[in-house]
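# Observations on chain architecture
Residues per chain are reported as follows:
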Amino acid sequence: MVNVCIKGPLNETTVLELINNRITQQQHATPIDVKSDIKFTSGFYHSALLIKHRLSIIYPVVDLDKVRTPTQRDDTDSDMSGVVWQCNDVYGQYTDVCCGWNSVIAIPTGETDNTDISVLHVWEDDFSSGSPKLKIMDVGLKLKKVDCTEEMIVAVSEGGVCYQIDWHTVTQKGVNEDDRVLSEVKLPHNCKISDVGCGKRHTVLLSADGSVFSYGLGNRGELGHGGTDTSTRPQLIEGLAGIPVSDISVGGWHTAARTSVGDLYLWGWTEGYRGAIFSEEGANTSQPVLIDVGGCYIESTTVSCGTLHTVCLTTDRQVYTWGDVEESTTLTNSHILNVQASGRNTMLIIND
């Protein structure tokens, strides 16, 4: 039986029961592929869980201003004792989901409720009220991947084309607007994109041929281009040129890439918060750095970045963590099937 445990702010008994109950319900219906059927993503104090296309949104029913000060807008600890956690199961099926600072964005499949598949579903700003409101954005094309920075929603179509929309447009638009609001992100040689990941203010794109591109704010080396310049258009990360990459994961100011043979590369911010990347020098790493994980390789789809930490699972079932955790750790457990990091949380998927 597949089960999960969580390290981080969501390590609450009620939250774990909510998540594990939903996993159990799905397992009774059909088997779960732990690498493709479960996605966990977090915002500030809310999370979204996608299990075999079934979406649940988990959030605290509380006025968050009462448990944090205005200076705690970043990912710092607050007193969440006594908070009641609620889980809304969203009707319908979804292909992908991501969490922004105070939002959830999901791509509907339309297979169970005849939902228009050329839309995005956005829940924003009302999690602490107990009734997050849905906005439906008509985007005019079928999408397969979505993520967001603080400024943009970035999505990939089924045809491998990348699009984006700024949050200001989303906020100003009403529900069910007819405008086609996505603009295409131009890539060199019209590359087809297979995956997208977003940090606070940077975006990383993985092409179908294993090339990696990035754009956005680069002042902490998060773009991987060897400097701290900002880029308004996607540029190839030359440090990975000729190295086929199969998986990417993006943190607040850093990025991880797993190659087709299982090597791990990291780059970005390593200063403060005990470093998002393991580095003895503790400086920004503005180019991809090959990380030694005890001479082992990384399992496919098992490298994951939180806002300020990174977690991965090796082929010999060791879990490595670096960054904003109590300490950089190594855990060996043959029952661990997958790992996912998001926000300040780490989820371990375990076969009990």
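Scroll up a little and you will see the structure.
Residues numbered from 1 in each chain as written. Predicted model: local features only at pLDDT ≥ 70, side-chain atom pairs only at ≥ 80, totals over all residues. Heavy atoms only, no water.

## Observations concerning the nonpolar core
The condition is simple: Residue types Ala, Val, Leu, Ile, Met, Phe, Trp, Tyr and Cys, when buried and joined through side-chain atoms within 4.5 Å, form a set referred to as a nonpolar core. Note on classification: 1.4 Å probe, protein chains only; a residue is buried when its accessible area is under 20% of the maximum for its type, exposed when over 50%, partly exposed between these limits. Numbering of helices and strands starts at the N terminus; helices are DSSP runs of H or I of at least 4 residues and strands are runs of E of at least 2. The contact definition used throughout considers only heavy atoms, calling two residues in contact when any of these lie within 4.5 Å.
In this structure, I105, L120, M137, L143, V146 and I153 are the most contacted members of the largest nonpolar core, which totals 20 residues. Every element with two or more residues in this core is listed here: β7 (103-108), β8 (119-124), β10 (143-148), β11 (152-157), β12 (162-166) and α2 (167-172). Other than its neighbours up to four places away in sequence, V146 contacts D96, V97, C98, I105, I107, L120, I153, V154, A155 and V196.

## Overview of the sheet that holds β12
How we decide: Should DSSP find at least two bridges between two strands, the strands are taken to pair.
Taken together, the four strands give an open sheet; going across it, the order is β10-β11-β12-β13, and neighbouring strands pair in antiparallel fashion. Looking at the sheet topology across the chains shown, the edges are occupied by β10 and β13 (183-184). Strand direction decides the pairing type here: β11 and β12, joined by five bridges, are antiparallel. Counted as the bridge partner of V154 is Q164 from β12.

## Focus on the pattern of salt bridges
As a reminder, the rule being used: The rule for a salt bridge is simple: a side-chain nitrogen of Lys or Arg has to be within 4 Å of a carboxyl oxygen of Asp or Glu.
What the rule picks out here adds up to 10 salt bridges. For the salt bridge of K52 with D37, the shortest nitrogen-to-oxygen distance reads 3.3 Å. Of the two residues, K52 is situated in the loop between β3 (47-51) and β4 (54-61) and D37 in the loop between α1 (13-29) and β2 (38-42); the sequence distance between them amounts to 15 residues. K52 sits in the partly exposed class, given a relative accessible area of 23%. Take D37: its relative accessible area is 16%, and that puts it in the buried class. Residue D247 is joined to R258 by a salt bridge in which the shortest nitrogen-to-oxygen separation is 3.6 Å. Pair noted here: D247 is in strand β18 (residues 245-250) and R258 is in strand β19 (residues 254-259), with a separation of 11 residues, a long-range link. Judged by relative accessible area, which is 14%, D247 ranks as buried.

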